[in-house]
Amino acid sequence: MESSWRRRLGNVRSFIVNSMGGLRGRSNLASWVLAGTLAYFLWVKPSQDLKKQQQERAALAASDRRETKTNS
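Since the model is a prediction, treat every value here as computed from it, not as a measurement.

Novice: What exactly am I supposed to notice about the overall build of the protein chain here?
Specialist: Looking only at helices and strands, one finds two helices and zero strands in the protein chain. Out of the 72 residues belonging to the protein chain, those deemed buried represent 3%. Accessible surface for the protein chain amounts to roughly 6800 Å². Of this, 60% is attributable to carbon and sulfur atoms.

Here it is, written out as structure tokens:
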């Protein structure tokens, strides 16, 4: 019975390691750090910057509309 859960745990561990490309140790960690860094600077940060820029433009346009209404 005890060997059954150990075997299952080993199978799960093997599956996880294989799903990460089969790399082990420091090279695996370095690969994931590099991939995460690239993903952040190529996709996440530009998306956040664009959203922030759009919000700033919308706020500026709204304030311009308020000024135009009060001056009319």
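Next, the rest of the story.
Novice: Help me out: how do you make sense of the pattern of salt bridges in this one?
Specialist: Side chains that differ in charge, positive against negative, can pair when their charged atoms come close. Taken as a whole, this structure holds one salt bridge when the rule is applied. A salt bridge links K45 to D49; the shortest N-O distance between them is 3.2 Å. Note that K45 and D49 are positioned in helix α2 (residues 25–71) at a spacing of four residues, about one turn of the helix. Overall, K45 belongs to the partly exposed group, its relative accessible area being 30%.

Novice: It is not clear to me how the packing of aromatic side chains should be interpreted in this structure. Could you clarify?
Specialist: The geometry of an aromatic ring pair comes down to the distance between the two centres and the angle between the two planes. All told, the structure shown has one aromatic pair when counted by the stated rule. Centre to centre, the rings of Y40 and F41 are 5.1 Å apart; their planes meet at 85°, and the pair counts as edge-to-face.

Novice: Mind showing me how you'd approach a nonpolar patch on the surface here?
Specialist: A surface patch of nonpolar side chains, about 740 Å² in accessible area, is lined by L34, L38, Y40, F41, L42, W43 and V44. When you line up the elements, F41 lands in helix α2.

Novice: Quick question: what am I supposed to make of the side chain of N28 here?
Specialist: Following the sequence through the fold, N28 ends up in helix α2. A polar contact of 2.9 Å, which involves the side chain of N28, links it to the side chain of W32.

Definitions and limits used
- Residues numbered from 1 in each chain as written.
- Predicted model: local features only at pLDDT ≥ 70, side-chain atom pairs only at ≥ 80, totals over all residues.
- Heavy atoms only, no water.
- Helix = DSSP H or I, 4+ residues; strand = E, 2+ residues; numbered from the N terminus.
- Buried < 20%, exposed > 50% of the residue type's maximum accessible area, 1.4 Å probe, protein only.
- Areas by Shrake-Rupley, 256 points an atom, 1.4 Å probe, with all protein chains shown as cover.
- Salt bridge = Lys/Arg side-chain N within 4 Å of Asp/Glu carboxyl O.
- Phe/Tyr/Trp six-rings, centres within 6.5 Å; stacked < 30°, edge-to-face > 60°.
- Patch = residues over 30% accessible without salt bridge, like charges linked within 9 Å, V, L, I, M, F, W, Y side chains within 5 Å.
- Polar contact = N/O pair within 3.5 Å; in protein donor to acceptor, adjacent residues only side chain to side chain.

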